[in-house]
Amino acid sequence: MNSRSGPLAVVAAAVLWGTAGTVGTLATAGSVSLAAARLVLGGALLGALALAAHRRTPGRNVPLRWSLIFGAAAVAAYQLCYFAAVGRTGVAVGTVVAIGSGPVFTGLLSWIVGHERPSGRWALATAAAVAGCAVLVTGGRGTGGVDAGGVALALLGGLLYAFYAVVAARAIGRGMESGTVMGVMFGGAAVLMLPVLALTGPGWLASPGGLLTALYLGCATTGLAYLLYGRGLRTTPVATAATLALAEPAVAALLGVVALREHLSLVSRAGLVLLALGLVVVALPARTRTPDTAAPETPKAPARSPH
């Protein structure tokens, strides 16, 4: 995969994530049970694919890193924190804080852990994208009376997302196959979420509509989406990937208008445009300097990557 197709893979994953909300309305399950089923089915698929790939190359020894185990725990904990936050703050505020803080935490963690200092362009584009996401989701309305504990849970969710994204990116950067990384993390998270699914009542899976919805959410919005996300991380800096993932709420909003006949206010439309501009800027390839052929005796330092 070349460096230009990496961001496209991340955006494709975000598009799939963005369909989850619309498809989820077809099921009669509660949001926590639906998320648990999605993660259990998607994680089982990713784990099975990783195991099958490993069996096809039996001579290759794949070390199991403890960081991936912690990453699996973070994947499961993110789901619980997000829905707990939404329950206390409402969908709009919980979504903005959890999803919007993810890229910021990812940029900070990748800087602290991997010494990958984000560029000024990334900071400006991310700020624009997060602001656009906030306006899009809230429609410019005030958020008075927000529960502080709920906001803290949403911020913890954003930090957990950043943690498992950075863990995955570092494992891939050290030579592990992206499918293996995602299989270990999400397969482990599936095991952790099984009790949650059992406790929240999986009876809705017995109906054809519920089962088809869960299969789509598990196979497409989790399994396929995170395979694409992992492939994107091969060539895309994790901070950039986290910002590009903000395409998810934009896709969800557009599907809401088209499929569910929802209405976007003028302010929300402006937020959608701002979000799109931020994503375009962060996805643009970095400029590289061309050497000055007129003065070969004075070599120039190589251009630094913005990420």
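The rules behind these values
- Residues numbered from 1 in each chain as written.
- Predicted model: local features only at pLDDT ≥ 70, side-chain atom pairs only at ≥ 80, totals over all residues.
- Heavy atoms only, no water.
- Phe/Tyr/Trp six-rings, centres within 6.5 Å; stacked < 30°, edge-to-face > 60°.
- Helix = DSSP H or I, 4+ residues; strand = E, 2+ residues; numbered from the N terminus.
- Buried < 20%, exposed > 50% of the residue type's maximum accessible area, 1.4 Å probe, protein only.
- Salt bridge = Lys/Arg side-chain N within 4 Å of Asp/Glu carboxyl O.
- Core = buried A, V, L, I, M, F, W, Y, C linked by side-chain atoms within 4.5 Å.
- Contact = heavy atoms within 4.5 Å.
- Axes fitted to C-alpha atoms, helices over the stretch in contact; angles between N-to-C directions.
- Parallel < 35°, antiparallel > 145°, perpendicular 65-115°, else oblique.
- Left-handed = near helix turned anticlockwise from the far one by under 90°.

Visitor: Account for the packing of aromatic side chains, with residues named and values stated.
Guide: Overall, the coordinates contain 10 aromatic pairs when judged by the stated rule. Centroid distance Phe186 to Tyr226: 4.1 Å. Interplanar angle 40°. Geometry classified as tilted. With Phe186 in helix α8 (residues 178-199) and Tyr226 in helix α9 (residues 208-233), the pair connects residues that are 40 residues apart, well separated along the chain. With respect to burial, Phe186 and Tyr226 carry one shared label: buried.

Visitor: Which residues make up the pattern of salt bridges, and what values go with them?
Guide: All chains considered together, the criterion is met by 2 salt bridges. Among the ionic pairs, Asp147 bridges to Arg88, the shortest N-O distance being 3.0 Å. On the criterion of sequence distance, the pair formed by Asp147 in the loop between α6 (120-138) and α7 (148-173) and Arg88 in helix α4 (residues 66-89) is long-range, its members being 59 residues apart. Accessibility expressed as a relative area gives 47% for Arg88, which makes it partly exposed.

Visitor: Can you break down the nonpolar core residue by residue, with the values?
Guide: Membership of the largest hydrophobic core comes to 74 residues, with the highest contact counts inside it found for Tyr164, Met185, Phe186, Tyr229 and Leu233. Of all the elements, α7 adds the most residues to this core, at 11 residues. When sequence neighbours within four positions are dropped, the list of residues in contact with Tyr164 reads Gly71, Ala74, Val75, Tyr78, Met185, Phe186 and Tyr226.

Visitor: If you had to explain the environment of Phe105 to someone new, which residues and values would you point to?
Guide: Note on placement: Phe105 falls in helix α5 (residues 91-114). Residue classification places Phe105 among the partly exposed positions, given a relative accessible area of 22%. Sequence-wise, Phe105 and Leu156 are 51 residues apart; in three dimensions their C-alpha atoms are separated by 10.0 Å. Those residues in contact with Phe105 that lie beyond four places of it in its chain are Leu155, Gly158, Leu159 and Ala162.

Visitor: Requested: an account of the packing of helix α1 (residues 5-18) against helix α11 (residues 247-259), with residues and values cited.
Guide: α11 packs onto α1 with a crossing angle of 45° between their chain directions and a minimal axis gap of 7 Å. Looking at the two axes, α1 sits oblique to α11. The interaxial crossing formed by α1 with α11 has right-handed handedness. Note on element contacts: α11 touches α1 through Ala247, Glu248, Val251, Ala252 and Leu255, opposite Ala14, Val15, Trp17 and Gly18.

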